[in-house]
Amino acid sequence: MAASTKLYEKIVAATGLELDISTGLMQGVRNGYSVMVYAPDKQYPSSLQVAIAAKRNEPITKEEIKELRSNCKNVGKVIQGNNCLIVNIKALLANKLPEQVEQVTQTTVDFMAARGWEPCCQMCQKDGTMPVAMVGNNYMSVCDDCLTNLQQNAHLEQQNIVSKKESIVMGIVGAFLGSLLGALCIIIVSQMGYVAALSGLVMAICTLKGYEMLGGKLTKKGIIIAILIMIVMTYAADRLDWAIVVAREFEEDLFISYQAIPALIEAEIIETARYWGNLILVYLFLALGAVPTILAAFRQKDLTEIRRIGNNSHSM
Ligand SMILES: [Zn+2]
């Protein structure tokens, strides 16, 4: 954060906006519009967006976007949000960024004023310049009533999550059903002649989501259970995949073929390196799919943080 704070301090010096150090949001009022400047992805702190809260009955047209871009070369992608216009700032040199943010902000505000956009609350469209709030991962310019509503809804939702009972038995059923889908995917993809490793992703996501859907919520206990299930089912699916090949080659029963796999590896009829190499690859993709899904389950808790940012209460 330290490096980007330095950069953001230069930006607020150039634009007159106010920096909120805890979130990295730069915000303020320009020509009566509520302006928010931020990095949508905190990993790229110098890749910034300007969001300006305002309403207009007609959506922005392609011609208007073209015009806005021709007014300032640093205007990148333009997106119409919920009662706001979001402009990506195209900047190649970090040392020019402060003045470029200023240019994009002023150009966009001038354009919006000329084209009939009116400042308003992004939620209820109430007229006026509304102060900025952090709503989960987003920033919004909303009136006090809407902020209270958002906070109450988030509070209710959080209580729902907390009071939701976890059913481990149903969770296991869900994880098992999910892992069956994953196993099917491993076998079908491999039998079609493709590398089955990618199916590991499907296995991980289906098993975890299966637990969450039937079990009510994904807790640490659920994650451990789901991981055990997916490890066993991946092994079984991979071995069954080999058994299908063996059964076809030797015109044998599938069940007997499945049981014969270790003996066939021992006898080097199935190459040891190929068998384990393939399995390890599937497990790698399993981990690749499981980690982000688990992280997302824990991150959901932070999504509902809703509070005012900045101390200029310019609500009208
Ligand atoms: Zn409102």
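Residues numbered from 1 in each chain as written. Predicted model: local features only at pLDDT ≥ 70, side-chain atom pairs only at ≥ 80, totals over all residues. Heavy atoms only, no water.

**Let's talk about the sheet that holds strand 7 (residues 132–135)**
Alright, step 1. Here we have 3 strands laid out as an open sheet, ordered 8-7-9, and antiparallel in their pairing. This sheet does not close on itself; its edge strands, each paired only once, are strand 8 (138–141) and strand 9 (306–308). Ignoring strand direction, the axes of neighbouring strands in this sheet form an average angle of 25°.
Alright, step 2. Sheet analysis places strand 7 next to strand 8, joined by 4 bridges and oriented antiparallel. Along strand 8, the bridge assignment pairs V132 with S141.
Alright, step 3. Sheet contacts for helix 4 (residues 144–163): strand 7 and strand 9; angle to strand 9, the most-contacted strand, approximately 155°. (Pairing = 2+ DSSP bridges. Helix = DSSP H or I, 4+ residues; strand = E, 2+ residues; numbered from the N terminus. Axes fitted to C-alpha atoms, helices over the stretch in contact; angles between N-to-C directions. Contact = heavy atoms within 4.5 Å.)

**Observations regarding the sheet that holds strand 2 (residues 25–30)**
Alright, step 1. Read from one edge to the other, the open sheet built from 6 strands follows the order 1-2-3-4-6-5, with strand pairing classed as antiparallel. The two strands at the open ends of the sheet, each matched to only one other strand, are strand 1 (18–20) and strand 5 (75–81). Mean inter-strand twist for the sheet, computed between neighbouring axes without regard to direction, equals 20°.
Alright, step 2. Bridge count between strand 4 (residues 49–53) and strand 6 (residues 84–89): 5 bridges; the pairing is antiparallel. Bridging from a neighbouring strand, A53 pairs with C84 of strand 6.
Alright, step 3. Sitting on the sheet, helix 2 (residues 62–71) is in contact with strand 5 and strand 6, with an inclination near 140° to strand 5.

**Considerations on the domain arrangement of the chain**
Alright, step 1. Here the domain parsing of the chain yields domain 1 (2–157) and domain 2 (168–302).
Alright, step 2. For domain 1 versus domain 2, the distance between C-alpha centres works out to 45 Å. (Domains from an automatic or database assignment.)

**Topic: the pairing of strand 4**
Alright, step 1. Within strand 4, 5 of the 5 residues are buried, leaving the element largely enclosed by the surrounding structure.
Alright, step 2. Of the two faces of strand 4, the one carrying Q49, A51 and A53 and the one carrying V50 and I52 are both buried.
Alright, step 3. When strand 3 (residues 33–38) meets strand 4, the two strands line up antiparallel, connected through 5 bridges. Note that in strand 4 the partner of M36 across the bridge is A51. (Buried < 20%, exposed > 50% of the residue type's maximum accessible area, 1.4 Å probe, protein only.)

**Description of the environment of V12**
Alright, step 1. Looking at the element boundaries, V12 is found in helix 1 (residues 2–15).
Alright, step 2. With a relative accessible area of 15%, V12 lands in the buried category.
Alright, step 3. Taking C-alpha positions, V12 is 13 Å from L48, a pair spaced 36 residues apart along the chain.
Alright, step 4. Excluding anything up to four places from it in sequence, V12 contacts L17, E18, L19 and M26.

**Looking at the coordination of the zinc ion**
Alright, step 1. Distances from the zinc ion to its protein donors, C121 (SG), C124 (SG), C143 (SG) and C146 (SG), fall at 2.3 Å.
Alright, step 2. One way to put it: the 4 donor atoms around the zinc ion meet at angles of 105 to 116°, and that makes the site tetrahedral.
Alright, step 3. Motif for the zinc ion, donor spacing along one chain: C-x2-C-x18-C-x2-C. This pair shows no difference in class: C143 is buried, exactly as C146 is. (Donors = N, O, S within 2.8 Å, 3.2 Å for Na, K, Ca; no water. Tetrahedral: all angles 85-135°; square planar, octahedral: opposite > 155°, others 65-115°.)

**Comments concerning the pattern of salt bridges**
Pairs can form between side chains of opposite charge whenever their charged atoms are close.
Alright, step 1. Taken as a whole and judged by the stated rule, the model has 10 salt bridges.
Alright, step 2. E64 is the partner of R56 in a salt bridge, and the nearest nitrogen-oxygen pair spans 2.9 Å.
Alright, step 3. Accessibility expressed as a relative area gives 6% for E64, which makes it buried.
Alright, step 4. Residue R307 pairs with E305 through a salt bridge whose shortest N-O separation is 3.0 Å.
Alright, step 5. Residue E305 is classed as partly exposed on the basis of its relative accessible area, which comes to 40%.
Alright, step 6. Because the salt bridges share partners, they merge into one network encompassing R56, E58, E64, E67 and R115. (Salt bridge = Lys/Arg side-chain N within 4 Å of Asp/Glu carboxyl O.)

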